Every structure is written in C-alpha cells, then in structure tokens.
Amino acid sequence: MKNEHPNLLFIMADDHATHAISAYDSRINQTPHLDRIADEGMRFDAAFCTNSICSPSRAAILTGTYNHVNGVTTLDTHLDNTLWTFPKSLQEAGYVTGLFGKWHLGHGPGHDPTGFDSWRVLPDQGDYHDPTFLEQDGTSSQRAGYVTDIITDDTLGFIQAHGSRPWAAFLHHKAPHRCWEPDDKHATMYDGIDIPEPITFGDDLVGRADVVRATKMRMMDLDPIRDLKSAVPEGLTLDEEISWRYQRYIKDYLRVVASIDDNVGRILDYLDESGLSDNTIVVYSSDQGFFLGDHGMFDKRLMYEESLSMPLLIKYPGVVVPGSVSDDIVVNVDFGPTFLDLMNVPIPEHVQGRSFQSILRGETTADWPQSMYYRYWMHHDEAHNTPAHYGVRTRTHKLICYYNDPLDQPGAHGPTDPVEWELFDLVADPYEIDNVIEDPAYVTVRSELEHELARLHEQVGDTAPPPPP
Ligand code: CA
C-alpha cells in the first residue's frame, strides 16, 4: 500500500539534451547516476517542450498551461507570481515545498517565487563559480564553491529538515547552460580524446527555410573567448576550425553534465540510505533539449527533434515498473497535473495539461493524444536570430510554419519575413534533413497535418497568428 502523499524530488537541468544521457543511448558520454533513475523507473522517448526556451518552458511546467495563457512567451516576459502553480496546490494539501537553484522567471515583487515554503535561487542565469543567491528575506549572498554542488547541498538540507512529512523539493540546476564552465574536478575530463561528431554535423541546410539558414547557432557563431575559453589556433582551414570549435564546445558541455550526474548520485544515495526512496517520486528532466553539433548547431529554440525533446526519467517504486520505456507523446504542460495526480492532490479545472499517471502505471488510455502543439514566439532574438514559428508533431511527421512575425512580443524583433513551411517524415528521415513540403508525394500528409495544426491551435486556445487555412 503506497503512502497517500508521496514525496517529490523534481530535478530539472537547464539545456540538457537527451542525447547527452547514456540511458538515452548517448554516443558521447556516460551518465551512470541518471541511468539509475531510468533503470528503476520509466524513460520517456517522446517528451516534448511546447516552446524550446528557458523561461517559457519553466512557466508551462509550473502553471500547467501554454504560454499564450500564462503570459511567459519569451525570455523578456516574467511570470506573474499570483498565477496558480502546482506547488501552490501541494502547499494547500499539506506539503512543505522548497525550490533551490535556477528560477529565471523574474525577480522582485510580482515575480519572486511563490508556492514555496523555502527558496534560494540564482539571479537570472547565475554564475557557475562562487555564485550569488537571492534569499527569501530579500537579501543576497555570494557562496564559495561550484553551483551544481551548492544547489544539491541546499536541496539535501531541505530534505533532511523535512524528511518525515510530505515534501516536494525542486532542485533546478543552472547547468549545463551556456557558457559551460566545468568545476575543477572535471576540468580535464575528455582531454586527449576526440568526441564523435553527430551524424548531421555537416548539414548544409539546403532545402530548409531561409529563416533557419539565417540563424546564428552554428559552430562559427560561438564566441571563442566567452564560449570556448581559447583563441582560435592559427593556420586552421575552415573545416578544421569548425571541428576544433565543436570539440572545445562539447567537452565543456559534457564536463558540466558530469557534475550534474555526480550530484544526482549523491542525492539518490541519500534517499536510499535514509529510507526515503520507497516513498519518493524522483523526476529528472530539462527545460528543453539542445543542439550538440546537430545540423552544425548549438542552442535550442527551433522545433527540430534535438531541441524539442526533453529528457524525462521518472521513478516511483511500486508504481512505475523498473526499466520501462514509453513512446507516448507527453509535453511539459502535462508535468504539473501528473505530479499532482501521483501525489493525490486535486488538479484544478483550468489546467490545460493532462495527467499521464496511467502511462506511468503502464496503461495508456485509448484517447491519449497522438500529436503535440508547439510555438516559439521570440522572432529575431538578438543573439540567435531565430524565427517565430509554430507547428505540430505527430508520431510520424512534423509540420512547421515559420510565421516570421514578432507580433509585438517582448524580446522579439522585426523585420517580418515571408511565411515559410517545413515538413519532415520522421520515419523515413529521422534526422530531419529532407524538407518535403513541396514534394507531391506528401500532398495528402501535408493537408492532414495542416488540419491537425489548426485543430490543436483551436484546442489550446491560441489566437495569433491565425491557424493555417
Ligand atoms: Ca534552458
């Protein structure tokens, strides 16, 4: 008989892509402690964000609503902290709640974290080394050490203080966000070896939307000093420099991930040793995915698989079958209602996400969605020049409409560009190389996807841009 109110440990990384986790068959690193969560629980192979960028994804998770509803559409919009969030329902149900690490939803009155009995968060992105934290009493303090260790320490302290009553701990890492600064322990990891380049590293983006080709997310757009911590060696050809940049970039990314993995091991060990594991739901995810040289890119934002996919590993002994895998489509908006459902706390009517508790119990319901809706609003953001777009992904295909209009969103900029479309056959072309939007063989598929996009647009209540014809 399970406890009516299990604990929740929700670990969320920032920009950790599935393909840098060995439980997801990473070709480039090993994450033995994250794999423990997969081995003891369920791995989701089709978990997606509804807007692949930090603040909007975090708002979607906390509020259980899409960004046109919660108002956090871009990095320049902040969460109205009077809105309902699922931690507030946990508090009402008698849980003690604590948030440690990254918040990135605004600061000050109106935006500071609410729904948490304890919190200590980084200002905006925060620093990797000797970071400053904002405190609940309005003060701030700089603390010696490495950010991933400190956030884990704070969460452990919270759990130790409240272990005997139902608690929900939100351990939200800064890592592995840009600029990927490793700790001393992992500083020389991967020295002297070459990390494999991804299959699509040399993608020339031929046939793709012009606005995708104009993004500034290629290896040559990384800043050597800030991102790669080195001047570019003299005498390299362009191809050699691109490969050199990838190695500098990916090794630091993976070193930063290695610290997350170590610290996840530390907190899992504590739960095991303290006897809390049996009654604690442990979740590992990230606010979105990331391009790890895929399509020659870094960063996220676009609706391509590497950016759209969120890692999602959930263990709950006695409920989730160890080592299970789901390919059902779940989205970040579903996370909150699912946690509430597992913790026997009512889900308010207005929540748009849907509990996937049944999937965790190995019983997918017949009416579970077969598609998901996506929208990225931050047109021509200054650093990455990514286009505003929306789209639909089904189990087999993806249709993307680059509507290319800032629509007065904070942080989005003109000019408006002509509308462009992309269509990918994810079965025949899982790496999304071949845009078949003009291929006569896909006329019927395209029409079906346009209708599905229009249906989802209406279902979630999105307004602008208008749905496809
Ligand atoms: Ca992020």
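By convention here, each chain's residues receive numbers from 1 onward along its written sequence. With pLDDT at 70 or above as the cut-off, local features in this predicted model cover only qualifying residues; side-chain atom pairs require 80 or more to be listed or tallied, and sums for whole chains, interfaces and linings still use all residues. Neither water nor hydrogens contribute to the side-chain values; these are computed over all heavy atoms in the structure.

Caption draft 1: Looking closely at the coordination of the calcium ion. In this description, a donor is an N, O or S atom within 2.8 Å of the metal centre, a cutoff extended to 3.2 Å for sodium, potassium and calcium. Water is not part of the atom list, which can make sites seem incomplete. Surrounding the calcium ion are the protein donor atoms Asp14 (OD), Asp15 (OD), Cys54 (SG), Asp287 (OD), Asp287 (OD) and Gln288 (OE1), which sit 2.2 to 2.7 Å from the metal. A site with four donors is called tetrahedral when every donor-metal-donor angle falls between 85 and 135 degrees; four donors are called square planar, and six octahedral, when opposite donors sit more than 155 degrees apart and all other angles fall between 65 and 115; any other arrangement is irregular. Coordination geometry of the calcium ion: the six donor atoms subtend angles of 51 to 161 degrees at the metal centre, consistent with an arrangement described as irregular. The sequence motif formed by the donor residues of the calcium ion is D-D-x38-C-x232-D-Q. Residue Asp15 is located in the loop between β1 (7–13) and α1 (32–40), and its partner Asp287 is located in the loop between β9 (280–286) and α9 (305–308); the two are separated by 272 residues in the primary sequence. The exposure class assigned to Asp287 is buried, which follows from its relative accessible area of 0%. Numbering of helices and strands runs from the N terminus, with a helix taken as a DSSP run of H or I at least four residues long and a strand as a DSSP run of E at least two residues long. Note on classification: 1.4 Å probe, protein chains only; a residue is buried when its accessible area is under 20% of the maximum for its type, exposed when over 50%, partly exposed between these limits.

Caption draft 2: Structural detail: the pairing of strand β14 (residues 389–394). Judged by how many residues are buried, β14 sits mostly within the fold: six of six residues are covered. Because side chains alternate across β14, one face comprises the buried residues His389, Gly391 and Arg393, and the other comprises Tyr390, Val392 and Thr394, equally buried. DSSP-based pairing: two strands are paired if at least 2 bridges between them are found. Where strand β13 (residues 371–376) lies against β14, six bridges are found, and the strand directions are antiparallel. Within β14, the residue paired with Tyr374 across the bridge is Gly391.

Caption draft 3: A look at the packing of helix α5 (residues 147–162) against helix α8 (residues 238–273). Contact geometry for α5 and α8: axes closest at 10 Å, N-to-C directions at 15 degrees. Compared by their axis directions, α5 and α8 come out roughly parallel. When the axes of α5 and α8 are compared, the crossing they make is right-handed. For the pair α5 and α8, contact is made by Thr148, Asp149, Thr152, Asp153, Thr155, Leu156, Ile159 and Gln160 and by Ser259, Ile260, Asn263, Arg266, Ile267, Tyr270 and Leu271, respectively. Amino acids outside the nonpolar list (Ala, Val, Leu, Ile, Met, Phe, Trp, Tyr, Cys, Pro) and the charged list (Asp, Glu, Lys, Arg) are all regarded as polar, and Gly is one of them. Within the contact of α5 with α8, the residues separate by chemical class into six nonpolar, six polar and three charged. Only the stretch in contact is used when a helix axis is fitted, and all axes are lines through C-alpha atoms; the angle between N-to-C directions ranges over 0 to 180 degrees. To sort the angles, those under 35 degrees are grouped as roughly parallel, those over 145 as roughly antiparallel, those from 65 to 115 as roughly perpendicular, and the leftovers as oblique. Working rule for handedness: look at the near helix, and if it is turned counterclockwise from the far one by less than a right angle, call the crossing left-handed; if clockwise, right-handed. Any pair of residues with heavy atoms lying within 4.5 Å of one another is described as a contacting pair.

Caption draft 4: Spotlight on the state of the cysteines. Cysteine sulfur pairs qualify as disulfides if the two atoms are within 2.5 Å. As enumerated under the stated definition, the model contains zero disulfides in all. Cys54 provides the cysteine sulfur closest to Cys49, a residue in no disulfide bond, and the two sulfurs are 10 Å apart. Cys49 gets classed as buried once you look at its relative accessible area, which sits at 0%. With no disulfide partner, Cys179 has as its closest neighbouring cysteine sulfur the one in Cys54, 12 Å distant. Given the relative accessible area of 12%, Cys179 is considered buried.

Caption draft 5: Spatial organisation of the packing of aromatic side chains. Planes of paired rings set the category: under 30 degrees apart is stacked, over 60 is edge-to-face and the rest tilted, where pairs are Phe, Tyr or Trp rings (Trp by its six-membered ring) whose centres lie within 6.5 Å. A full pass over the atoms with the stated rule returns 22 aromatic pairs. Relative to Phe158, the ring of Phe100 lies with its centre 5.6 Å away and its plane at 55 degrees, an arrangement referred to as tilted. Separated by 58 residues along the polypeptide, Phe100 in strand β4 (residues 96–101) and Phe158 in helix α5 bring together distant segments of the chain. Take Phe100 and Phe158: they sit in the same class, and that class is buried. For the ring pair Trp180 and Phe290, a centre distance of 6.3 Å and an interplane angle of 75 degrees mean the geometry is edge-to-face. Here Trp180 is found in the loop between β8 (167–172) and α6 (210–213), whereas its partner Phe290 is found in the loop between β9 and α9, with 110 residues between them in sequence. For the pair Trp180 and Phe290, one class covers both residues: buried.

Caption draft 6: Expanded view of the side chain of Arg393. Summarising the element assignment, Arg393 is placed in strand β14. Judged by relative accessible area, Arg393 falls into the buried class, the value being 9%. Contacts described as polar in this section are N or O atom pairs within 3.5 Å, which, within protein, must combine one atom able to donate a hydrogen with one able to accept it, while residues neighboring in sequence count only if both atoms come from side chains. A polar contact is formed between the side chain of Arg393 and the side chain of Glu305, at a distance of 2.8 Å.

Caption draft 7: Spatial organisation of the sheet that holds β8. Judged by pairing direction, the sheet is mixed, and its 10 strands sit side by side in the order β7-β6-β5-β4-β8-β1-β9-β10-β2-β11 without closing on themselves. A strand with exactly one partner marks an edge of an open sheet, and here the two such strands are β7 (140–142) and β11 (324–326). Adjacent strand axes in the sheet meet at a mean angle of 15 degrees when their direction is disregarded. Relative to β11, strand β2 (residues 42–44) runs parallel, the two being bridged by three bridges.

Caption draft 8: How the structure looks around the sheet that holds β13. Strand order in the open sheet formed by four strands is β13-β14-β15-β16, and the pairing between neighbours is antiparallel. Pairing within the sheet leaves two strands with one partner each, and these edge strands are β13 and β16 (420–425). Neighbour-to-neighbour, the strand axes of this sheet turn through a mean angle of 10 degrees, independent of strand direction. Relative to β14, helix α12 (residues 443–459) is tilted by about 110 degrees, and along the sheet it contacts β13, β14, β15 (397–402) and β16.

Caption draft 9: Main features of helix α10 (residues 335–342). Taking burial as the measure, the eight residues of α10 include seven buried ones, the bulk of the element. When α10 is considered as a whole, its buried residues turn out to be Phe335, Gly336, Pro337, Thr338, Phe339, Leu340 and Leu342. Asn344 occupies a position one or two residues after α10 and carries a positive phi of about 60 degrees.

Caption draft 10: Highlighting the pairing of β9. Along β9, seven of the seven residues are buried, which leaves the element largely enclosed by surrounding structure. On β9, burial covers both faces: Thr280, Val282, Tyr284 and Ser286 on one face and Ile281, Val283 and Ser285 on the other are all buried. Where β9 lies against strand β10 (residues 312–315), four bridges are found, and the strand directions are antiparallel. Directly across from Tyr284, in β10, lies its bridge partner Leu313.

Caption draft 11: Local environment of the environment of Ile199. Counting through the fold element by element, Ile199 comes out in the loop between β8 and α6. The class of Ile199 is exposed, set by a relative accessible area of 57%. Each C-alpha atom, one on Ile199 and one on Tyr403, is 29 Å from the other, the two residues being 204 residues apart in sequence. Look past the residues within four positions of Ile199 in its chain and what remains in contact with it is Arg27 and Tyr431.

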